[in-house]
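In case you want the letters, here they are:
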Amino acid sequence: MRFAKLGTALLTDDVAASTRFYADHFGFRPLAELGWYASLQHPQHPEYTLDFVQRGHEAMPAGFRAQETGGVLLGFLVTDAAAEEATLRAKGIPIAEPLRDEPWGQRRFNIWAPEGTLIEVLQNIDPDPEWMAAQGL
């Protein structure tokens, strides 16, 4: 299959709240806001879109439209995960999993978005050589 673009659409109970969350904390900007639907784009990454659809809206297939958003993780690679965690904490965003260093070479933390998406904010760090060797890497 050849395609021109890949986007992500998530069901949410509150399109406006999800839109504000990603705009306020991650720098996304709305491309379209229709009440039941919003499409967001990040100015640094215009090739990607993040869309929200009102849960239960007829635009979605009947068997899908009432599903809870779950099992979705969005990852944001940053240069300083500790600084980003401190900024989000200062804004009152609850941290789902606090900042931690992983032996495979990631410093990361998690927060929950309003629609139930798990957000992982991570930076690449040097992996633990002993862990890498134990994995045969």
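Provided above is the structure to which this section pertains.
Numbering of residues starts from 1 in every chain and runs along the sequence as written. The predicted nature of this model means local features are confined to residues of pLDDT at least 70 and side-chain atom pairs, given and counted, to a pLDDT of 80 or more, with totals for whole chains, interfaces and linings taken over all residues. Working from all heavy atoms in the structure, the side-chain values ignore hydrogens and water.

Draft legend 1. Summary view of a nonpolar patch on the surface. Residues form patches when they are more than 30% accessible in relative terms and have no salt bridge. Like charges link within 9 Å. Nonpolar side chains (Val, Leu, Ile, Met, Phe, Trp, Tyr) link within 5 Å. Throughout, the Shrake-Rupley method with a 1.4 Å probe supplies accessible areas, and for residues the shown protein chains are the sole cover considered. The rule for a salt bridge is simple: a side-chain nitrogen of Lys or Arg has to be within 4 Å of a carboxyl oxygen of Asp or Glu. On the surface, a nonpolar cluster with roughly 460 Å² of combined accessible area is contributed by M1, F3 and L6. Segments assigned H or I by DSSP are reported as helices when at least four residues long, segments assigned E as strands when at least two residues long, and all are numbered from the N terminus. Position of F3 relative to the elements: it lies in the segment before β1 (7-12). Partly exposed describes any residue whose relative accessible area lies between the buried limit of under 20% and the exposed limit of over 50%, with all areas from a 1.4 Å probe on protein chains only and scaled to the type maximum. Looking at F3, the relative accessible area reads 57%, which means it is exposed.

Draft legend 2. Spotlight on the pattern of salt bridges. Tallied over the entire structure, the rule returns six salt bridges. When the shortest N-O distance is used, the salt bridge between R107 and D101 registers 2.6 Å. Residue classification places R107 among the partly exposed positions, given a relative accessible area of 24%. Classification of D101 by relative accessible area gives partly exposed; the value is 45%. In this structure, the salt-bridge partner of E120 is R108, at a minimum N-O distance of 2.3 Å. With E120 in strand β8 (residues 118-124) and R108 in strand β7 (residues 106-112), this pair connects stretches of sequence that are 12 residues apart. For the residue pair E120 and R108, the accessibility class agrees, reading buried in each case. One connected set of salt bridges, linked through shared partners, spans R100, E102, R108 and E120.

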